[in-house]
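Spelled out, the chains give:
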Amino acid sequence: MLDLRLYMAQRISAMVMIPLTVGHLAVIVYAIEGGLTTAEILGRTQGSVFWFLFYGSFVLAVSVHAAIGVRVIAHEWLRMKGAWLSALTWTVCLVLLVMGARAVIAVTWI
Amino acid sequence: MGADQEHLEVTVWRGTAVGGRTETFEVPAHDSQTVLDVVSWIQQYADPTLSYRFACRVGMCGSCAMMVNGEPRWTCRTHVQKVARAGKVRIEPLRNLPVIKDLVADMDPFFEKWIEAEGVHHPTRTRADAIERIDPESAARVEANTGIECINCAVCYAACDTVAGNSDYLGPAALNRAWTLFNDAKDAGKQAVLDAVSGSGGCHNCHSMGSCTHYCPNELNPMAAIAGLKRETAKSFFRRRRDA
């Protein structure tokens, strides 16, 4: 159910997420403490390659990490196996990826 | 039927793979009485049709493990006084394994997983060669020594919640065995071991909950062995990518 390849994908995505999560929290605190308006935030993020890569890689890591986590829970608690389990893993991954990518594009695209 | 100081109220699971029920017996209580003594008393004095398994009676053979009040125990070395609750004891066949009859679990899946985990010897020399000298102080030998006293009782396998949720998972005993072989200078199958424990039922399914280590009657640490396998397979993952 969880072979070495999936295990490594989940661990590596977790390692990617650690600094990005800290950065994300710092951004939230900064935006709120500084009292930035939506327009001011978008003014800084839109057209920024840095924020596109920051949140783009965050979304990618979350999609991989969460999909594998849900896969384990579905197998152990719902007894899901084989093609159904693979379908669920890919579905969770793609849904998170599409939703996240939409948000990243909305905030960083001009 | 009530429990008093002179008697134990012992509930025993009776049945086969098809299904079963519990049956309660009143058993005389004695000092230093083990759970296996209790089961033997029932079989000898109350119901000779009760099936159970034991051999050495001294904690060496790993035959007599059962669930006692919901926890896996080696029954020959478990004093009743330690586990009885208000004079009551509930004895069932080992968890996570099919039942043959009454308290006898089918150990086939347990031992098949040993083979699946490459828990077999891969010799470095032939019988014509001289015996390899082993440094007992070497780090690998010291690590291997921590896991070799496994008696195959399957207590860890019954305790493991990951096995309960994932029947393909190799389980703590097989992975502990794989780890001892990986650290054994006399074993030539290190990569074979790593490959065997990297499959879909391999060591990476372990959630490190630690029930195996908590319940191991020989105080081994299968959870640490599995962590060692995770570490070595991860290194091998990067090594192979680099060499590819």
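Residues numbered from 1 in each chain as written. Chains lettered and ligands numbered in written order. Predicted model: local features only at pLDDT ≥ 70, side-chain atom pairs only at ≥ 80, totals over all residues. Heavy atoms only, no water.

Colleague: Explain the packing of helix H1 (residues 4-33) of chain A against helix H10 (residues 222-243) of chain B here, please?
Modeller: Geometry of a packed helix pair, given as the angle between the helix axes and the separation of the axes. Running from N to C, H1 of chain A and H10 of chain B cross one another at 90°; their axes reach a closest spacing of 11 Å. With respect to H10 of chain B, the axis of H1 of chain A lies roughly perpendicular. For the pair H1 of chain A and H10 of chain B, the contacting residues are Leu 4, Arg 5, Tyr 7, Met 8 and Ile 12 of chain A in the first and Lys 230, Thr 233, Ala 234, Phe 237 and Phe 238 of chain B in the second. Its residues assigned to classes, the contact of H1 of chain A with H10 of chain B comprises seven nonpolar, one polar and two charged. (Axes fitted to C-alpha atoms, helices over the stretch in contact; angles between N-to-C directions. Helix = DSSP H or I, 4+ residues; strand = E, 2+ residues; numbered from the N terminus. Parallel < 35°, antiparallel > 145°, perpendicular 65-115°, else oblique. Contact = heavy atoms within 4.5 Å. Nonpolar A, V, L, I, M, F, W, Y, C, P; charged D, E, K, R; others polar.)

Colleague: Hey, could you run me through empty space enclosed by the protein in this one?
Modeller: It is the rolling of a water-molecule-sized probe over the atoms that shows where space remains empty. Residue and element names in this part refer to chain B. For the structure shown, the criterion picks out four cavities of 30 Å³ or more. Volume-wise, the largest cavity comes out at about 100 Å³. Together, 14 residues line the largest cavity, and Cys 150, Cys 153, Cys 156, Cys 216 and Leu 220 are the ones closest to its centre. Taken as a whole, the second largest cavity spans an internal volume of roughly 80 Å³. (1 Å grid on protein atoms, 1.4 Å probe; cavity = no way out; pocket = protein on both sides within 12 Å on 5 of 7 lines; lining within 4 Å. Points joined across faces, edges and corners; volume = space filled by probe spheres on them.)

Colleague: Sorry, what's going on with a negative patch on the surface here?
Modeller: Residues and elements named next belong to chain B. Taken together, Asp 108, Glu 112, Glu 116 and Asp 168 make up a surface patch of like negative charges. Within the secondary structure, Asp 168 is located in the loop between helix H6 (161-165) and helix H7 (172-182). Relative accessible area serves as the criterion here: at 41%, Asp 168 is assigned to the partly exposed category. (Patch = residues over 30% accessible without salt bridge, like charges linked within 9 Å, V, L, I, M, F, W, Y side chains within 5 Å. Areas by Shrake-Rupley, 256 points an atom, 1.4 Å probe, with all protein chains shown as cover. Salt bridge = Lys/Arg side-chain N within 4 Å of Asp/Glu carboxyl O. Lys, Arg positive; Asp, Glu negative; His and termini not counted. Charge placed at Lys NZ, Arg CZ, Asp CG, Glu CD. Buried < 20%, exposed > 50% of the residue type's maximum accessible area, 1.4 Å probe, protein only.)

Colleague: What am I meant to see in the pairing of strand S2 (residues 19-28) of chain B here?
Modeller: Strand residues, when the strand is regular, have side chains that alternate between the two faces of the sheet. All names here are of chain B. With 10 bridges connecting them, strand S1 (residues 7-16) and S2 associate as antiparallel partners. The residue bridging His 7 from the neighbouring strand is Pro 28, located in S2. Joining the antiparallel neighbours S1 and S2 is a turn of two residues. (Pairing = 2+ DSSP bridges.)

Colleague: What should I look at first to understand helix H1 (residues 35-46) of chain B in this one?
Modeller: Residue pairs spaced three or four apart in an α-helix point in one direction, given the helix's 3.6 residues per turn. End to end, H1 of chain B covers 16 Å across 12 residues, agreeing with the expected 16 Å (1.5 Å per residue, within 8%). Buried residues along H1 of chain B sit against S1, S2, strand S3 (65-68), helix H2 (80-83) and strand S5 (88-92) of chain B. (Expected span 1.5 Å × (residues − 1).)

Colleague: It is not clear to me how the interface of chain A and chain B should be interpreted in this structure. Could you clarify?
Modeller: When the parts of a complex come together, some accessible area is lost, and that lost area is often used as the size of the interface. Contacts between the two partners involve 13 residues from chain A, matched on the other side by 17 residues from chain B. Roughly 1300 Å² of surface becomes buried between chain A and chain B when both sides are summed, with 56% attributable to carbon and sulfur atoms. Counting across the chain A and chain B interface gives zero salt bridges. On inspection of chain A and its partner chain B, the count reaches eight residue pairs in polar contact (both at pLDDT 80 or more). Contributions of two or more residues to the side of chain A that touches chain B are made by H1 and helix H3 (49-78) of chain A. (Buried area = accessible area lost by both parts, 1.4 Å probe. Polar contact = N/O pair within 3.5 Å; in protein donor to acceptor, adjacent residues only side chain to side chain.)

Colleague: What is the right way to read the packing of aromatic side chains from this model?
Modeller: Remark: the centre distance and the inter-plane angle together describe each pair of aromatic rings, the angle taken between the planes. Overall, the coordinates contain 15 aromatic pairs over all chains when judged by the stated rule. Look at Trp 51 of chain A and Tyr 55 of chain A: their rings are 6.0 Å apart centre to centre, the planes differ by 25°, and that puts the pair in the stacked class. Placement of the pair is Trp 51 of chain A and Tyr 55 of chain A together in helix H3, with a separation of four residues, close to one helical turn. Each member of the aromatic cluster is reached from another via a ring pair, and the members are Phe 50, Trp 51, Phe 54, Tyr 55 and Phe 58 of chain A. The residue whose ring lies beneath Lys 190 of chain B is Phe 182 of chain B, and the NZ or CZ to ring-centre distance is 5.9 Å. (Phe/Tyr/Trp six-rings, centres within 6.5 Å; stacked < 30°, edge-to-face > 60°. Lys NZ or Arg CZ within 6 Å of the ring centre and 35° of its normal.)

Colleague: Help me understand the pattern of salt bridges, please; the structure alone is not making it clear to me.
Modeller: All names here are of chain B. Counted according to the given criterion, the structure contains 13 salt bridges over all chains. A salt bridge links Asp 102 to Lys 101; the shortest N-O distance between them is 2.8 Å. Residue class for Asp 102 comes out buried when judged on its relative accessible area of 2%. We note a salt bridge from Glu 132 to Arg 125, for which the minimum N-O separation is 4.0 Å.

Colleague: Looking at this model, I keep getting lost on the environment of Pro 98 of chain B. Mind explaining?
Modeller: Relative to the elements of secondary structure, Pro 98 of chain B occurs in the loop between S5 and strand S6 (99-101). Not counting residues within four places of it along the chain, the set of residues in contact with Pro 98 of chain B comprises Ala 105, Asp 106 and Pro 109 of chain B.

Colleague: Is there a simple way to think about the nonpolar core in this case?
Modeller: A general tendency of soluble globular proteins is for nonpolar side chains to be buried together. Residues and elements named next belong to chain B. Membership of the largest hydrophobic core comes to 37 residues, with the highest contact counts inside it found for Leu 94, Leu 97, Phe 110, Leu 175 and Leu 229. Breaking this core down by element, the ones donating at least two residues are S3, helix H3 (108-116), helix H5 (155-159), H7, helix H8 (190-196) and H10. Take this core: its biggest share by element is seven residues, from H7. When residues of this core are assigned to domains, at least three map to each of domain 1 (7-105) and domain 2 (108-243). Formed by 21 residues, the second largest nonpolar core is a distinct cluster that contains Met 66, Val 68, Ile 91 and Leu 103. (Core = buried A, V, L, I, M, F, W, Y, C linked by side-chain atoms within 4.5 Å. Domains from an automatic or database assignment.)

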